[in-house]
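# Remarks on the overall topology
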Amino acid sequence: MGSLNIENVKKAFGPVEVLKGINLEVTDGEFVVFVGPSGCGKSTLLRVIAGLEDSTSGRVVIDGEDVSATPPAKRGIAMVFQTYALYPHLTVRNNMGLGLKQAGTPAAEIGRRIGIASSMLSLEPYLERRPAELSGGQRQRVAIGRAVVREPKLFLFDEPLSNLDAALRVNTRLEIAQLHRRLKATMIYVTHDQVEAMTLADKIVVLNAGRIEQIGGPMELYNSPANDFVAGFIGSPK
Ligand code: ADP
Ligand code: MG
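Numbers given to residues run from 1 along each chain, matching the order in which its sequence is written. Here every chain gets a letter starting at A, and every ligand a number starting at 1, in the order they are written. Totals for whole chains, interfaces and linings use all residues, but because this is a predicted model, local features are given only for residues with pLDDT of at least 70 and pairs of side-chain atoms are given and counted only at 80 or more.

### Digging into the overall build of the protein
When helices and strands are tallied, the protein shows eight helices and 10 strands. Every radius of gyration here is taken over C-alpha atoms, with the globule rule written as 2.2 Å times N^0.38, N being the number of residues. Radius of gyration (C-alpha) of the protein: 18 Å, near the 18 Å computed for a compact globule of 238 residues. Projected onto its principal axes, the C-alpha coordinates of the protein cover approximately 50 × 40 × 30 Å. For every residue, the other C-beta atoms within 10 Å of its own C-beta are counted; 20 or more classify it as buried, 12 or fewer as exposed, and values in between as partly exposed. C-beta atoms are placed from the backbone. For the protein, the residues scored as buried account for 39% of the 238 residues in total. Runs of H or I in DSSP of at least four residues are treated as helices and runs of E of at least two as strands, each being numbered from the N terminus.

The structure is reproduced here in structure tokens:
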């Protein structure tokens, strides 16, 4: 299970309203991509969904339950960041397992989940290494693996490929698509890359200055952008 409803979510930082009333339905297992220019509120919206930031008003509902007041660790969400956010002093294995250990998961179960995730992400040869001994692509796979072992209802990715070079971006993108097919989990993915959005998304959400301009399937947005703004991001040239 992993359905998400965002109901009229607003977020202000001081006098500045960054999210101006976001409404969105995500069904269980859907792959939803947020696109939009830098500063339009993509990361803020992910952080509100994850509970890392409180909304000013509105509700976040996961599987029918209002989680607006639920702490991040209890929401069943795992987030993957552009900067990986790995612990430099821990091995790959312990980076992946730390969150589970802190949550009191038995060691055997932690080992089982790390085994599955590291196999899915081709990380088995690197389990005893530290992040400094890995390439950028491998580090991001560890960060994804750390999310996978938590078996979340909802994965949130915030521009996970932005720090990788072009070839690695393609590879890692394909791995994320494969992960989605295997896990059948709900995924929300932020990018400003049109190719990533078109190839990964079941549904694309185009954001502009804290509002949603259009929601639709990749071909729908490509062929019938609602306005010039959407056309500039996704649509075919007019
Ligand atoms: P995006 O991810 O689409 O680039 P963000 O969600 O990071 O955009 O930011 C949206 C706006 O909110 C920006 O103008 C940014 O400066 C502002 N903002 C984000 N976080 C904070 C914060 N903690 N305090 C004040 N302003 C913030
Ligand atoms: Mg951002």
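### A closer look at the site of ligand 1
By convention here, the C-beta atom is placed from the backbone, and a residue is near a molecule or strand when that atom is within 6 Å of it. In the neighbourhood of ligand 1, the contacting residues comprise F13, V18, G36, S38, G39, C40, G41, K42, S43 and T44. With three residues, the top contributor of residues to the shell around ligand 1 is helix α1 (residues 42-50). For the shell around ligand 1, a count of residues per class yields three nonpolar, six polar and one charged. Each residue is assigned to one of three groups, with Ala, Val, Leu, Ile, Met, Phe, Trp, Tyr, Cys and Pro labelled nonpolar, Asp, Glu, Lys and Arg labelled charged, and all others, Gly among them, labelled polar.

### Some words on the sheet that holds strand β8 (residues 186-190)
Reading across from one edge, β6-β7-β8-β3-β9-β10 is the order of the six strands in this open sheet, with mixed pairing throughout. A single partner strand is all that each edge strand has here, and the edge strands are β6 (77-81) and β10 (211-216). Across this sheet, the average inter-strand angle for adjacent strands is 15°, counted without regard to direction. For strand β3 (residues 31-35) and strand β9 (residues 203-208), the ladder comprises four bridges, and the chain directions are parallel. Looking at the pairing, V33 lines up with I204 of β9. Strand pairing follows a simple DSSP-based rule, namely that at least 2 bridges must link the two strands. The axes used here are C-alpha line fits, helices contributing only the stretch in contact, and every angle between their N-to-C directions lies in the interval 0 to 180 degrees.

### Quick look at the pairing of β6
A large share of β6 lies buried, amounting to four of its five residues. With five bridges joining them, β6 and strand β7 (residues 154-158) adopt parallel strand pairing. By the bridge assignment for β7, I77 is matched with L154.

### Observations regarding the UniProt feature "domain: ABC transporter" (unreviewed entry) in the protein
UniProt positions are given in the numbering used here, feature names are shortened, and annotations may be inferred rather than shown by experiment. Residues annotated in UniProt with the feature "domain: ABC transporter" (unreviewed entry) correspond here to residues 4-234. Taken as a whole, residues 4-234 contains 36% helix and 26% strand, while its terminal C-alpha atoms sit 24 Å from one another.

### Thoughts on helix α2 (residues 92-102)
For α2, the complete set of buried residues consists of V92, N95, M96, G97 and L100. Here, residues touch in the contact sense if the C-beta positions derived from the backbone fall within 7 Å of one another. On its buried face, α2 is in contact with α3 (107-120) and α4 (136-148). G104, located one to two residues past α2, shows a positive phi value of around 85°.

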